[in-house]
Amino acid sequence: MHCDGAIRNIEKEILRECTNKNIQVHENFVNYYLKLLSLDPSWGITGKDVLNRNDVQRFIKHVVNKLEDEYTPPMITLKMQYYFTCNFQQKNKMVKRNRAELLLRLKVLEQEIIDVKTVSEEDYINVLYKKMVYYIGLASGLGSPSIESVYKEVRAALGSILDRNEIKEFTTQPRYVKLDNLAEFTKLVTGIRLFNRDCGKGGEGMEDLPKLINEALDATGAELQATLVQIMDKVNLMTTALDFVYFTELNERNRYVIECRPPKGVTVSDVETVRDTLIVYRQYEVYIRKLLEEVDKIETTSGHIFSNLQHALIELHRVVKHRIAIPVNQVFPHFIKLSDIWCNLQDQTILLAKVNQIMTGLQRYIKFLNFNDVTAEMMLPAGESPMTDAQRLDKTRWLTIPTEKSKAKIVDITNYTSIDRLKLEYLGFCAWKLFVTDGALLPGNPSLGIIKSMHMNFVCSSVEAGVAFSHEPEKCVMEGINLARRKIELINLLGIKSRLILVQNIKELFKEPPELPLTEDVEIQTEIHPLEDAIDKNYCWNVWDLRRRAILFANLSHCKTLSCQPQTSHYKVNFKTQTWETKNQECQTRRDNYSNVPRPLNYFFGLRGRKDNKQFIIELTRPVEE
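Thresholds, definitions, all that
- Residues numbered from 1 in each chain as written.
- Predicted model: local features only at pLDDT ≥ 70, side-chain atom pairs only at ≥ 80, totals over all residues.
- Heavy atoms only, no water.
- Pairing = 2+ DSSP bridges.
- Helix = DSSP H or I, 4+ residues; strand = E, 2+ residues; numbered from the N terminus.
- Buried < 20%, exposed > 50% of the residue type's maximum accessible area, 1.4 Å probe, protein only.
- Axes fitted to C-alpha atoms, helices over the stretch in contact; angles between N-to-C directions.
- 1 Å grid on protein atoms, 1.4 Å probe; cavity = no way out; pocket = protein on both sides within 12 Å on 5 of 7 lines; lining within 4 Å.
- Points joined across faces, edges and corners; volume = space filled by probe spheres on them.
- Patch = residues over 30% accessible without salt bridge, like charges linked within 9 Å, V, L, I, M, F, W, Y side chains within 5 Å.
- Areas by Shrake-Rupley, 256 points an atom, 1.4 Å probe, with all protein chains shown as cover.
- Salt bridge = Lys/Arg side-chain N within 4 Å of Asp/Glu carboxyl O.
- Lys, Arg positive; Asp, Glu negative; His and termini not counted.
- Charge placed at Lys NZ, Arg CZ, Asp CG, Glu CD.
- Phe/Tyr/Trp six-rings, centres within 6.5 Å; stacked < 30°, edge-to-face > 60°.
- Lys NZ or Arg CZ within 6 Å of the ring centre and 35° of its normal.

Examining the pairing of strand β1 (residues 246-250)
1) Next: In this structure, β1 lies alongside strand β2 (residues 256-260), joined through five bridges in antiparallel fashion. Directly across from Leu250, in β2, lies its bridge partner Tyr256.
2) Next: Here β1 hands over to β2 after five residues, with Asn254 in that stretch at a positive phi of 65°.

Observations regarding unusual backbone geometry
1) Next: Not every positive phi belongs to a glycine, and Asn22 is a case in point at roughly 60°.
2) Next: Judged by its relative accessible area of 66%, Asn22 falls in the exposed class.
3) Next: In this model, Tyr426 sits at a positive phi of 60°, which is unusual for a non-glycine residue.
4) Next: Assignment of secondary structure puts Tyr426 in the loop between β3 (409-411) and α16 (433-436).

So, the sheet that holds strand β5 (residues 456-458)
1) Next: Spatial strand order, β3-β4-β5: three strands in an open sheet with antiparallel pairing. The sheet terminates laterally at β3 and β5, the two strands that pair on one side only. Direction aside, neighbouring strands of the sheet carry axes that sit 35° apart on average.
2) Next: Pairing of strand β4 (residues 450-453) with β5 involves three bridges; the strand directions are antiparallel. By the bridge assignment, Lys452 is partnered in β5 with Asn457.

Looking at the layout of surface pockets
1) Next: In this structure, the largest pocket encloses a volume near 1,100 Å³.
2) Next: Lining the largest pocket are 37 residues, with Val286, Tyr426, Leu427, Gly428 and Phe429 positioned closest to its centre.
3) Next: Mapped by element, the contributors of at least two residues to the lining of the largest pocket are α4 (73-88), α12 (268-320), α15 (389-394), α19 (489-494) and α20 (497-502).
4) Next: If one sorts the elements of the lining of the largest pocket by residue count, α12 sits on top with eight residues.

Thoughts on a negative patch on the surface
1) Next: Residues Glu215, Asp218, Glu293, Asp296 and Glu299 make up a contiguous surface patch of negative charge.
2) Next: Counting residues per element, the negative patch draws most heavily on α12, at three residues.
3) Next: Take Asp296: its relative accessible area is 46%, and that puts it in the partly exposed class.

Observations concerning the pattern of salt bridges
1) Next: Scanning all chains against the criterion turns up 29 salt bridges.
2) Next: Among the salt bridges present, the one from Lys107 reaches Glu110, with a minimum N-O distance of 3.2 Å. Of the two residues, Lys107 and Glu110 both sit in helix α6 (residues 107-114), three residues apart, roughly one turn of that helix.
3) Next: Among the residues examined, Lys107 registers a relative accessible area of 37% and is labelled partly exposed.
4) Next: The class for Glu110 is buried, based on a relative accessible area of 11%.
5) Next: Here Arg197 ties to Asp208 by a salt bridge, and the two come within 3.7 Å at their closest N and O atoms. Here Asp208 lies in the loop between α10 (175-199) and α11 (209-245) and Arg197 lies in helix α10, a separation of 11 residues in the sequence.
6) Next: Salt bridges sharing partners connect three or more residues here, namely Asp243, Arg282, Glu285, Arg289, Asp389, Arg392 and Lys433.

A look at the packing of aromatic side chains
1) Next: In total, this model carries 14 aromatic pairs according to the counting rule given.
2) Next: Ring centres 6.2 Å apart and planes at 65° place the aromatic pair Phe195 and Phe335 in the edge-to-face group. Pair noted here: Phe195 is in helix α10 and Phe335 is in helix α13 (residues 328-367), with a separation of 140 residues, a long-range link.
3) Next: By relative accessible area, which is 11% here, Phe195 ends up buried.
4) Next: Exposure remark for Phe335: the relative accessible area of 8% places this residue in the buried category.
5) Next: Three or more aromatic residues joined by ring pairs make a cluster, and in this case those are Phe29, Tyr32, Tyr33 and Tyr82.
6) Next: Stacked on the ring of Tyr83, the Lys or Arg Arg364 has its end atom at 5.9 Å from the ring centre.
7) Next: Between the NZ or CZ atom of Arg364 and the centre of the ring of Tyr365, over which it lies, the distance is 5.4 Å.

Below, the structure written as C-alpha cells:
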C-alpha cells in the first residue's frame, strides 16, 4: 500500500513536469509506465518506508526524459501495450457498456412512460402508446421508429400483445413492475418482428445481420492477414540482419560470448535501432495474431448463433402452424428466445467493430515509427536474402545440444506428442542470446532440445547458445530478469511480469564468484651479466663486517707466522661436483605498436576582403572515426 501511495505522489510530480514542458501524455499511461519501472529496485522507490528524495528526483528526471522522446521504439512499444490492454481485455465489458449506454440515452423517455400514473382521455392514451412504440423500436435496434413504415410495424406488433384497455392497467402498476413489463414488451416485439420478417410479412428497417457479419468477417480477416504479411516481411528482414551481425565465439576462459561485428557503413547504434525496432514489430505481430484468433472466435460463435436462430424460427413455425389462436404461455417464450438470440448476434457485431477499432489504433502507432529498411539491408552479407523463421529453423534441425557438463535437463523434442501445447518461455525466443545481445529477439529452435530448468522450458537458436545456457541456467534466468528491468517493454511482451514481482525487492539477483587470474607454466632464461663487469670483490656494505675485519687486522699485528706440515695430510683429496649448465633462451617482453590520428587542419576565414575586423576559425580536421 505504501508503494502505491508513493507511486501516486511521484505520478503527480511527473504530470506537473510534463505540463511545464508541454508533453502530451495520458495520466493512466504514466501510471502504467511507473508500475513497470517500479519493478526495478535499483531506482530506490520500492521496499522502503521512507524514500530518498535524491532517488525520487533522479527517477522523475529519467521518466520525464523518456516521455519527452515519445517516438522512440521502446516508448512506441509501451504505448501499444497500454492501448491494447485497455481495449482488447475490456471488450466483453464494452458490449455490456454499449447496451447500458443505449438504455441510458433512453432513460428520459423511459421515465416519461413510467411516471404516468393514470390515463383517462383518449389523447393521453395515444401519447403514451406512441412513446412506448418509440422506446421499444429504439431499444431493440431494429430500425428507427421515426420512419413511418417502421413505426407502423412496431405499433402493430405492440398492439398484438397490449391493447388500449391493458395500457390503463399498465399505468396503475408499481414502478418496478412497469420496468419489468417494458423490458418484456421490448423482447416480445423484437421476436414478433423477426418472425414476421422470416415469414416475408415485415422487417422494415431491419438489417440482414447474418449477411453483414459474414461480409465484415471476411473483410476484417483479409485485412488482418495482409497486415500480418507486411509485419513478417519486416520481422524476417531484421531478424536475419541481426543473426548475421552477432557472432558467437569462445573467449580466453573457454566460455561462449557474443560479439557484435557490424559491416562497413553500419554503426553499433544502427544495430541497436534495428534490435529495438524488431521488438516493436514482434509485439505488433503478437497483437495481430490475437486479433485473428478473436475474429475466428467471433466467426465460430456467429455460426452457432445463426444455427440457433434458424432452429428457433423453425420451432416457432411449428408452434403457430395452422393455428388461429395460441395461448401466450406457449408462444411468448419462443418470441423472447428469438429476441435473446438476436441480441447475441448484435453483440458479435459490436465485438467485430471493436476488433477493427483496435487494428486501426495499432496501425496508428506503427506509423509513428521512423525506421528505414535500408539500414537492415546493409547488415545483410552480399548475396543473402531475408529468411523466414521456418527456413532459419530448418538449417539446424539435425543438430542437438550436447548433455555433457550440462546443469539442466535437455529433453529431445520427439518425447513430446504436441509441441504446440508446450509452453516455452520468452515466446520461444533464444533464452541465451536474449540477454547477451541486450534484447535481440532471435527465434529458438526446439529441434535442438528443450532445456528444462527451474520448472520452465527454454529453447535456444544454436548449439553454442544451448551449451552456454545449460552450463549456467540459473544465472541466465536471472540475467533475463535484469534485462527486463532495464528494457521494460519486454516485460509484457515475454510474459514475465509475475517473475519480476517475486524479486521486486531484491537488487542483486545473482552474484558471480570472483574470477581467478589466468596462469600458465613457462620457462625463461635471463642473460648473464647484461652489463659490463664492475664488481669489487672487497666491497662490503655492512659496517659490522668492516668492524670485524678491523679487529682481525688488529689481532694479526700482534701475531707471528709459523708453518708446519702434518705427516698424514701431506696429500690432497680430490672432490668432484656437477653444476647445472646454463641454458640459452630468449624472452620478448615488449611489443611495438603505433597509432594514426588525423592531422589537425584549420582554416582562417575573414583575413581579407571584410569591412569589419572579424576573423573566424573553421576546423577542418577529419573525425577520428573515419
